[in-house]
Amino acid sequence: ANHLYDALFASHAQSSDPFLIAPNGTVTTYAGFIDEAARYAHALTILGVKPGDRVTVQVEKSEAALALYAACIAAGKFRYQPGVSRVNRRGRVNK
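Participant: Run through the overall build of the chain, naming residues and quoting values.
Facilitator: Helix and strand content of the chain: three helices and four strands. Secondary structure elements of the chain, listed N to C terminal, follow the sequence α-β-β-α-β-α-β. Put simply, 53% of the contacts in the chain that link residues at least 6 apart link residues at least 24 apart. Summed over its atoms, the accessible surface of the chain is roughly 6,700 Å², and 55% of this surface lies on carbon and sulfur atoms.

Participant: So what about the environment of Ile21? Which residues, and what values?
Facilitator: Within the element layout of this structure, Ile21 appears in strand β1 (residues 18-21). Considered as a pair, Ile21 and Glu63 are 42 residues apart in the sequence and their alpha carbons are 9.6 Å apart. Aside from chain neighbours lying at most four places away, what touches Ile21 is Thr26 and Val27.

Participant: Which residues make up the packing of aromatic side chains, and what are the values?
Facilitator: As enumerated under the stated definition, the model contains four aromatic pairs in all. For the ring pair Phe19 and Tyr30, a centre distance of 4.9 Å and an interplane angle of 50° mean the geometry is tilted. With a gap of 11 residues between them, Phe19 in strand β1 and Tyr30 in helix α2 (residues 30-46) connect regions that are remote in the sequence. For Phe19, a relative accessible area of 26% corresponds to the partly exposed category. Owing to a relative accessible area of 23%, Tyr30 belongs among the partly exposed residues under this scheme. Taking 4.5 Å as the distance between ring centres and 40° as the angle between the ring planes, the aromatic pair formed by Phe19 and Phe33 counts as tilted. Taken together, the residues span a long stretch of sequence, with Phe19 in strand β1 and Phe33 in helix α2 at a distance of 14 residues. Feature note: the residues Tyr5, Phe9, Phe19, Tyr30 and Phe33 constitute an aromatic cluster, connected by ring pairs.

Basis of the calculations
Residues numbered from 1 in each chain as written. Predicted model: local features only at pLDDT ≥ 70, side-chain atom pairs only at ≥ 80, totals over all residues. Heavy atoms only, no water. Helix = DSSP H or I, 4+ residues; strand = E, 2+ residues; numbered from the N terminus. Contact = heavy atoms within 4.5 Å. Areas by Shrake-Rupley, 256 points an atom, 1.4 Å probe, with all protein chains shown as cover. Phe/Tyr/Trp six-rings, centres within 6.5 Å; stacked < 30°, edge-to-face > 60°. Buried < 20%, exposed > 50% of the residue type's maximum accessible area, 1.4 Å probe, protein only.

Structure, rendered in structure tokens:
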């Protein structure tokens, strides 16, 4: 069971209520957002990411970044976004 996903998203899977409203006025429903997250989770799985793996990204705050976070929760992956100060010029995370 995925208790975190169930608590955050499962009850909204069929909802047509607005979830996000972009600055340009585009509305994303809960169901649309959860569908997007499911596509990302499927892509992560196809790429070989397994439950318990860590997914590290450096992206700007956006609907896509939030969907990736939800995808990681849905697929049992751990998403970690390093602070900008922790990423060196080669795009690698400093330890």
